[in-house]
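Okay, here's what each chain looks like letter by letter:
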Amino acid sequence: MRIQVDTHTHTYASGHAYSTISENAFSASQLGLPMFCTTDHASSMPGAPHYWFFSNQRVLPRFLHGVAIIRGCEVNICNIEGDIDIPLSVDQNLDWIIASFHEPVFPPQSKEVHTQALLNIIRSGRVDALGHLGNPNFDFNFEEVIQCAVDNNVAIEINNTSLKGGSRIGSIDRCYEIAKVVKELGAYITTGSDAHFCADIGKFEKVELLIDAVDFPLEKMITHTPNQFLKFLALRGRASISEFDRFTK
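Residues numbered from 1 in each chain as written. Predicted model: local features only at pLDDT ≥ 70, side-chain atom pairs only at ≥ 80, totals over all residues. Heavy atoms only, no water.

Trainee: What should I look at first to understand the side chain of serine 19 in this one?
Mentor: On the secondary structure map, serine 19 appears in the loop between β1 (5-6) and α1 (21-31). From its side chain, serine 19 meets the backbone nitrogen of cysteine 198 in a polar contact 2.9 Å long. In contact with serine 19, not counting residues within four places along its chain, are Thr11, Tyr12, Asn24, His196, Phe197 and Cys198. (Helix = DSSP H or I, 4+ residues; strand = E, 2+ residues; numbered from the N terminus. Polar contact = N/O pair within 3.5 Å; in protein donor to acceptor, adjacent residues only side chain to side chain. Contact = heavy atoms within 4.5 Å.)

Shown next, in the form of structure tokens:
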């Protein structure tokens with residue numbers, strides 16, 4: 001398995017997903033996936049939980065069914081200023097934050113507005129990755145945003161669900177274009193299933209095809225191993241997680 005970390009997964013707490021975190025972990029264990037991030041939608045998304053849900057993730061065990069759990073959130077990009085919808089005080093209780101555009105929160109606008117919002121959110125220092133950027137409803141300047149991500153050590157997500165063609169219609173070709181720019185500029189990529197049901201955890205068949213097609217270097221794919229992912233978190237300034245020392249030895 002070339003991808004050993006799933007950095008984008010949902011539970012029924014998101015309001016439109018259908019499994020518990022324990023069910024997600026069991027499914028991951030059956031697949032042999034050693035680590036995944038739990039990243040439910042932040043509160044501006046219809047049906048999403050209150051921010052206390054994310055602040056209280058410290059009660060989650062670090063391993064479920066033998067699978068390492070990264071505590072995270074998929075926050076919404078709320079405006080051109082790059083604001084996100086969790087309080088700053090919650091950041092310290094999370095290991096991983098993905099920021100994404102979602103139409104119910106940020107109605108699609110111009111390429112220039114989307115670009116500026118992405119630049120501002122990268123420069124805020126609060127997010128570790130940008131989610132499912134292939135959505136054609138949110139066009140942006142690929143080179144400008146990805147170079148800013150390089151400069152600030154923010155990962156660009158390659159989203160398996162976007163590559164299936166059923167969600168965010170029109171994303172497939174754009175994802176390939178984005179991946180080529182990421183490779184050219186030397187950015188990091190992260191890989192997320194965007195699973196909304198436990199059976200999809202750790203499924204990366206479409207991402208694997210993209211990686212092969214663009215000949216993406218594994219050293220820039222932070223989900224190649226748990227050790228590689230944890231090193232990226234350290235690069236981002238995240239606190240080390242002692243329970244995961246086994247992955248770094």
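Trainee: Whenever I open this one, unusual backbone geometry confuses me. Can you help?
Mentor: The phi angle of most residues is negative, glycine excepted, and most peptide bonds adopt the trans form. Not every positive phi belongs to a glycine, and aspartate 194 is a case in point at roughly 60 degrees. As for its position among the elements, aspartate 194 is in the loop between β8 (189-192) and α7 (205-214). Residue classification places aspartate 194 among the buried residues on the basis of a relative accessible area of 5%. The backbone of aspartate 215 sits at a positive phi, close to 55 degrees, despite the residue not being glycine. (Buried < 20%, exposed > 50% of the residue type's maximum accessible area, 1.4 Å probe, protein only.)

Trainee: Which parts of the structure should I look at to understand the packing of aromatic side chains?
Mentor: The relation between two aromatic rings is expressed through the spacing of the ring centres and the mutual angle of the planes. A complete count under the given rule lists 12 aromatic pairs for this structure. Here phenylalanine 53 and phenylalanine 54 contribute two aromatic rings whose centre-to-centre distance is 5.1 Å and whose plane-to-plane angle is 85 degrees, an arrangement assigned as edge-to-face. Residues phenylalanine 101 and phenylalanine 138 carry aromatic rings whose centres are separated by 4.6 Å and whose planes lie at 5 degrees to one another, so their mutual orientation is stacked. Taken as a pair, phenylalanine 101 in the loop between β5 (96-100) and α3 (111-123) and phenylalanine 138 in the loop between β6 (129-130) and α4 (142-151) lie far apart in primary sequence, 37 residues in all. Accessibility assignment for this pair places phenylalanine 101 and phenylalanine 138 in one class, buried. Through successive ring pairs, a cluster of aromatic residues spans Trp96, Tyr188, Phe229 and Phe232. Directly above the aromatic system of tyrosine 188 lies the positively charged group of lysine 220, at a separation of 4.2 Å from the ring centroid. Against the face of phenylalanine 63 rests arginine 246, its NZ or CZ located 4.3 Å from the ring centre. (Phe/Tyr/Trp six-rings, centres within 6.5 Å; stacked < 30°, edge-to-face > 60°. Lys NZ or Arg CZ within 6 Å of the ring centre and 35° of its normal.)

Trainee: Would you mind going over the nonpolar core with me for this structure?
Mentor: For soluble globular proteins, the rule of thumb is that nonpolar side chains tend to be buried together. Counting 48 residues, the largest nonpolar core has Val75, Ile86 and Leu130 as its most contacted members. Residue contributions to this core peak at six residues, all from α3. Those residues in contact with isoleucine 86, other than ones at most four positions away along the chain, are Ala42, Cys73, Val75, Asp91, Leu94, Ile97 and Arg126. One finds Cys37, Ile70, Trp96 and Leu233 within the second-largest nonpolar core, a separate group that totals 18 residues. (Core = buried A, V, L, I, M, F, W, Y, C linked by side-chain atoms within 4.5 Å.)

Trainee: Please clarify how the pattern of salt bridges should be interpreted in this entry.
Mentor: Between side chains of opposite charge, a pair can form as their charged atoms come close. All told, the structure shown has eight salt bridges when counted by the stated rule. Here aspartate 212 ties to arginine 2 by a salt bridge, and the two come within 2.8 Å at their closest N and O atoms. In this pair, aspartate 212 is assigned in helix α7 and arginine 2 in the segment before β1, connecting sequence segments 210 residues apart. For aspartate 128, the salt bridge identified is with arginine 236, shortest N-O distance 2.8 Å. Residue aspartate 128 is found in the loop between α3 and β6, and its partner arginine 236 is found in the segment after α8 (226-235); the two are separated by 108 residues along the sequence. Exposure remark for aspartate 128: the relative accessible area of 0% places this residue in the buried category. A single network of salt bridges, built from pairs that share partners, joins Arg2, Glu208 and Asp212. (Salt bridge = Lys/Arg side-chain N within 4 Å of Asp/Glu carboxyl O.)

Trainee: Which parts of the structure should I look at to understand α4?
Mentor: Note: α-helices contain 3.6 residues per turn, so residues at a spacing of three or four share the same orientation. Here α4 has its buried residues at Phe142, Val145, Ile146, Cys148 and Ala149. The arc enclosing the buried residues of α4, seen along the axis, measures out at 155 degrees, which places them on a common side. In the core, the buried residues of α4 are packed alongside α3, β6, β7 (155-159) and α6 (171-185). One side-chain oxygen at the N-terminal end of α4 lies 3.2 Å from the backbone nitrogen of glutamate 143; it belongs to asparagine 141. Following α4 by one or two positions, asparagine 153 adopts a phi angle in the positive range, close to 55 degrees. (Arc of directions from axis to C-beta.)

Trainee: Is there a simple way to explain the pairing of β7 in this structure?
Mentor: Side-chain direction in a regular strand flips from residue to residue, so the side chains alternate between the two faces of the sheet. Extensive coverage of β7 is indicated by the burial of five of its five residues. Side-chain alternation along β7 places Ala155, Glu157 and Asn159 on one buried face and Ile156 and Ile158 on a second face that is also buried. As defined by bridge partners, β6 adjoins β7 across two bridges and the pair is classed as parallel. Bridge assignment links alanine 129 to a residue of β7, and that residue is alanine 155. A crossover connection joins β6 to the parallel β7 through α4; in handedness this β-α-β unit is right-handed. One ladder, built from four bridges, connects β7 with β8; its direction is parallel. In the strand pairing of β8, isoleucine 156 is matched with isoleucine 189. (Pairing = 2+ DSSP bridges. Right-handed = clockwise from strand over helix to strand, strands pointing away.)

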